[in-house]
Each structure stands twice: as structure tokens, then as C-alpha cells.
There are 2 protein chains.
Amino acid sequence: MTYCVAMRLADGLVFVADSRTNAGVDNISTFRKLFTFGNGRDHALVLLSAGNLATTQSIVELLRRRINEAEENLMTLPSMYDEAAYIGKLMREIIDRDTHNQQSQGVDLSCNLLLGGQIRGEAPRLFQIYPQGNFIEASIETPYFQIGEFKYGKPILDRIVQYDTPLETALKCGLISMDSTIKSNLTVDLPLDILIYETNSFSVSRTRQISADDEEFLQLRKGWGEGIKKLFNELPQCSL
Amino acid sequence: MTYCVAMRLADGLVFVADSRTNAGVDNISTFRKLFTFGNGRDHALVLLSAGNLATTQSIVELLRRRINEAEENLMTLPSMYDEAAYIGKLMREIIDRDTHNQQSQGVDLSCNLLLGGQIRGEAPRLFQIYPQGNFIEASIETPYFQIGEFKYGKPILDRIVQYDTPLETALKCGLISMDSTIKSNLTVDLPLDILIYETNSFSVSRTRQISADDEEFLQLRKGWGEGIKKLFNELPQCSL
């Protein structure tokens, strides 16, 4: 499984992705699920993926290849809406290609994607692309999307993240959301990929990987875990 | 949907159930999902239900009716294991009865149950009964079971509840777990039914309903919500 969260806020975009993949519980691997595409001038895109790994890897490979080979590609499309439609169409093509044989019967080739970024002339935008290739856009009222094992980590997002939350604060919330998910579901795990995109920077380089021995993340985990227990103990009981 | 949690702890059993049912998001009602059966002497049982309401209501009705009409019933079976098997068998019979017609095609008649209680001669025990009618028992290592919309409220249980947690503390944790679920999922809602069973009491009367204007629960909600935000704000950010 997978857990990814992306937020579209007043100051820009925030992305957090785990890297655990599994085909059954006895076949667990680490694969990156955060991908960046940018030319540093007018196109900056970040893609998060969940679902069938063969499908998502093919999508990323062909998106990259087309930037050099095709006239219409991620770096030439004029709007984030067109980028989402372009990726949704490619997703359908790949699933169609891999479905037309006997062996693929009963295998789920679908995937879910989050696409965030900015194209010069527009504000930053965030889309969730469904397995059908259609998509929805985040709004001021609903500034974040999740894919994969999203339920465990949703309560803290619902309590904290709003459109005007600062990017670094939103990142901290995304990491706590991820920590809760990791603690309750063994198909989500470190290392994590994180990225902050600042509006009008057209740079996708503010990113890093958080590994299992990352001192800052360990401190955050510890502080949160101990703080939750302390808070819990301080609250009064309900009578019964 | 539904969210129910039950715990089997050193001092007894704890139960928390919501009361929201829905057939689609436009058909929402309130139905009790916590049912008690006891004779005050040697049999004390609590049943929590999730799933098809027609199925679970039939199960409860027939369980009650058989106590008066049948020789083999909830108040005569010699062990909690036998009780779980008895209820699982009844569940299968009801689903079979309601499946044998044209109209039931494509309708999900299944349900999940939690059965906790004590029969004199045994310690208190807790079972989860699956839609197939088979069942598993809670252990010292895994002292709680959930049914329905369980993921939102699992992280706090994983952090707090252990076998030696006092009953009142476990109840508080169950209520916070419920609050997180209600906040993130509109198919789970108040009023809540709560019950504490103390080992060797053979009484299922320590129970009450928590409604939307319950002062204690509102205080717990408020304290938790504000405490979480304060804790979150105090924690350091991760550098990026």
C-alpha cells in the first residue's frame, strides 16, 4: 500500500509521500512515489502515486520520455488543467495496453495520482487523478488531497490544515499524519519524500528524503507520541 | 456506516458504539448498535453490530426470542466460545433465508459483530464474528477489536490501550477514538452507547447513552481538540 498527502495553500504547495510498496504482505519493497518535472522557468510539477507499481512507473517513464520526444508534453502544456487531463489520458492508455491479455484478468492495474504544480500565468493548483483518468481540483475549502491508506492520518489534517496554514506548519502536520499511519498500518513506512513548492518560485528543488534515522523526524515522532499520552492523561474521564 | 470498539482488559470489558446508520448518504437514521443479554447470575453478554441493519436486527430479535423459547440459548450455553459459534450460526441462517430470492441479488446482507461477556467459570472474553460466521478472540497482546469505520480512530487506541489499562481510562480512549472518527466521517455520529463490564459482576447495567448535548463528552471533545492543537504548535518543525 501507500500513503501520500498533498496540500494547496495560500503560499504554495506541500507534498509528503511514503515509499513502501507491497504485493501481498510477504512481498514488500521500497519505491519512490514522489516525482518532479520542471524547467526552472515556467513549468513546475510534482506527481505522487499510489496503486499498481507497473502502471505508475510506466506513467512516469513515458511522461519523461515525451518531454524530449513529443511536441505536446508536460513542459509545453499551457495550464495545470491540461496537465491533469494529459496524465489521465496516458494512464488510460497504459492500463488499456496492459489489460488486453489473458494474464491480466483479475489483476488490479489501476492507480491514483496527485498532481500539484504551477504554470506561469496561473496560481499553483492541485489535482487528484482517479483510476478512470478523470480528476478533481483542490479548493480553498478543501485544501488537501490524500491517496492510498488515507484514513488513519485524516483526523489530524482535519484539525490543523487550512488554506492559510504556513507551508512549514503544513509540512509538520503532514509528517504527523504520516507517523500515525505508519504506527497503525504496516504497509506504509519510511523513508519519506517531502517537498515544499513556494508560489512563483518555479523550482521543485526544495525537497529531501527522511530516512529511519532522521534525527528531526525522530524528535517529532517522540514529541508527538509523548505529548498525546500526556494530554490524554490530563483530560477528565466521562462518568459511568 | 458505523463505528464500534470493544476492549478486553485485566479488570473487565469496555464497549463504545455510535448509532448512525445509512443506506446511501441521503438516507441516514439513528439505530442502537449495542445490545445486552444477562440473567444477573452466571451469564452476561454484550453484542455490538455493524453492517446490514435488517440482518443485525433479525439476529438480536431471534437471540432474544430463543431465550424464552429454545432450550439451547444465550443463557444456557456453557462458554463464550459456544456463544460466538451459536451467534455465527444464526447469522448464516438469517443471511441464507434472505438471500434466496431474486430481489436480494447484489445487496450486501452481511454484518460484523463484536461479542464480549462472561460466563461463570470463565474469565471475561471478547470475540469478533465475521460475515462468514467464523470468529476470532481478543488476546493480551491485542486487547481490542473494532468494526465499521475503524481506521480513523485506530491510531489513538494503538498509542494508549494495553491489557492493564484501567476500565475508565480505556473508556476515555474509546470516546476520543470515536470523536476522531465522527470528525472525519459523516456516516458515524452521536448518540453513543457506552458500557463497562467489571469482571465477576455478571451485570450489564453499568451503561448509558451519550447524546449530542452531553456536558462531559463536550468537555472531553473540547479539551482534546484544543490540546492537540496546542501540542502540535509546540513541536519543532522539520527543516527543509
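A brief structural summary. For clarity, every value in this text was computed on a predicted model and none was experimentally measured.

Topic: the pairing of strand S2 (residues 12-17) of chain A
Residues and elements named next belong to chain A.
Then step 1. Counting buried positions along S2 yields six of six residues, so the element is predominantly enclosed.
Then step 2. With six bridges connecting them, strand S1 (residues 3-9) and S2 associate as antiparallel partners. Each bridged residue has a counterpart across the sheet, and for methionine 7 the counterpart in S2 is valine 14.
Then step 3. Taken together, the six bridges between S2 and strand S11 (residues 192-198) define a ladder with antiparallel strand orientation. Pairing of alanine 17 across the sheet is with aspartate 193, part of S11.

Considerations on the interface of chain A and chain B
Then step 1. Chain A puts 45 residues into the contact, and the matching count from chain B is 45 residues.
Then step 2. A buried area of about 4,400 Å², summed over both sides, lies between chain A and chain B, and 67% of it is on carbon and sulfur atoms.
Then step 3. Of all residues in chain A, Arg159, Phe232 and Leu240 of chain A give up the largest surface area on contact with chain B, accounting jointly for 22% of the area buried on that side.
Then step 4. Our count for the chain A to chain B interface comes out at four salt bridges.
Then step 5. The partner of arginine 159 of chain B in a salt bridge is aspartate 179 of chain A, with the nearest N and O atoms 3.5 Å apart.
Then step 6. On the surface where chain A and chain B come into contact, there are 16 residue pairs in polar contact (both at pLDDT 80 or more).
Then step 7. Of all elements in the fold, only helix H3 (154-160), helix H4 (167-184), S11, strand S12 (207-210) and helix H5 (215-234) of chain A reach the threshold of two or more residues within the side of chain A that touches chain B.
Then step 8. With twelve residues, H5 of chain A is the largest single contributor of residues to the side of chain A that touches chain B.

Quick look at the relation of the copies chain A and chain B
Then step 1. Of the transformation superimposing chain A on chain B, the axial component is 0.0 Å and the angular component is 180°, with the fit at an RMSD of 0.0 Å. These values place the two chain copies in the arrangement generated by a two-fold rotation axis. In terms of C-alpha distance to the rotation axis, chain A has tyrosine 152 of chain A as its closest residue, with the C-alpha 2.3 Å off the axis.
Then step 2. The residues that chain A uses at the interface reappear at the interface of chain B in 100% of cases, marking a shared surface.

A few points about the layout of surface pockets
Then step 1. Taken as a whole, the largest pocket holds about 500 Å³ of empty space.
Then step 2. Forming the boundary of the largest pocket are 25 residues, of which Thr21, Asn22, Gly51, Asn52 and Leu53 of chain A lie nearest the centre.
Then step 3. Looking at the lining of the largest pocket, the elements with two or more residues in it are strand S3 (20-22), strand S6 (43-51), helix H1 (53-69) and strand S7 (111-119) of chain A.
Then step 4. Here the lining of the largest pocket takes four residues from H1 of chain A, the largest share from any one element.
Then step 5. Residue composition of the lining of the largest pocket, by class: eight nonpolar, 13 polar and four charged.
Then step 6. Of the volumes computed, that of the second largest pocket is approximately 410 Å³.
Then step 7. Lining the second largest pocket are 18 residues; nearest its centre among them are Thr21, Asn22, Gly51, Asn52 and Leu53 of chain B.
Then step 8. Among the secondary structure elements, those contributing two or more residues to the lining of the second largest pocket are strand S3 (20-22), strand S6 (43-51) and helix H1 (53-69) of chain B.

A few points about the sheet that holds strand S9 (residues 135-137) of chain B
Residues and elements named next belong to chain B.
Then step 1. With antiparallel pairing, five strands are arranged side by side in an open sheet as S5-S6-S7-S8-S9. What marks the edges here is a single partner per strand, and that holds for strand S5 (34-38) and S9. Taken over all neighbouring pairs, the strand axes of this sheet differ in orientation by 20° on average, direction set aside.
Then step 2. In this structure, strand S8 (residues 125-129) lies alongside S9, joined through three bridges in antiparallel fashion. Across the sheet, residue phenylalanine 127 finds its bridge partner in S9, namely glutamate 137.
Then step 3. Relative to the sheet, H1 contacts S5, S6 and strand S7 (111-119), its axis offset from that of S5 by approximately 15°.
Then step 4. On the sheet, helix H2 (residues 80-99) packs against S6, S7, S8 and S9 and is oriented at approximately 150° with respect to S7.

Basis of the calculations
- Residues numbered from 1 in each chain as written.
- Chains lettered and ligands numbered in written order.
- Predicted model: local features only at pLDDT ≥ 70, side-chain atom pairs only at ≥ 80, totals over all residues.
- Heavy atoms only, no water.
- Buried < 20%, exposed > 50% of the residue type's maximum accessible area, 1.4 Å probe, protein only.
- Helix = DSSP H or I, 4+ residues; strand = E, 2+ residues; numbered from the N terminus.
- Pairing = 2+ DSSP bridges.
- Contact = heavy atoms within 4.5 Å.
- Buried area = accessible area lost by both parts, 1.4 Å probe.
- Salt bridge = Lys/Arg side-chain N within 4 Å of Asp/Glu carboxyl O.
- Polar contact = N/O pair within 3.5 Å; in protein donor to acceptor, adjacent residues only side chain to side chain.
- Least-squares fit on C-alpha atoms with pLDDT ≥ 70 in both.
- 1 Å grid on protein atoms, 1.4 Å probe; cavity = no way out; pocket = protein on both sides within 12 Å on 5 of 7 lines; lining within 4 Å.
- Points joined across faces, edges and corners; volume = space filled by probe spheres on them.
- Nonpolar A, V, L, I, M, F, W, Y, C, P; charged D, E, K, R; others polar.
- Axes fitted to C-alpha atoms, helices over the stretch in contact; angles between N-to-C directions.

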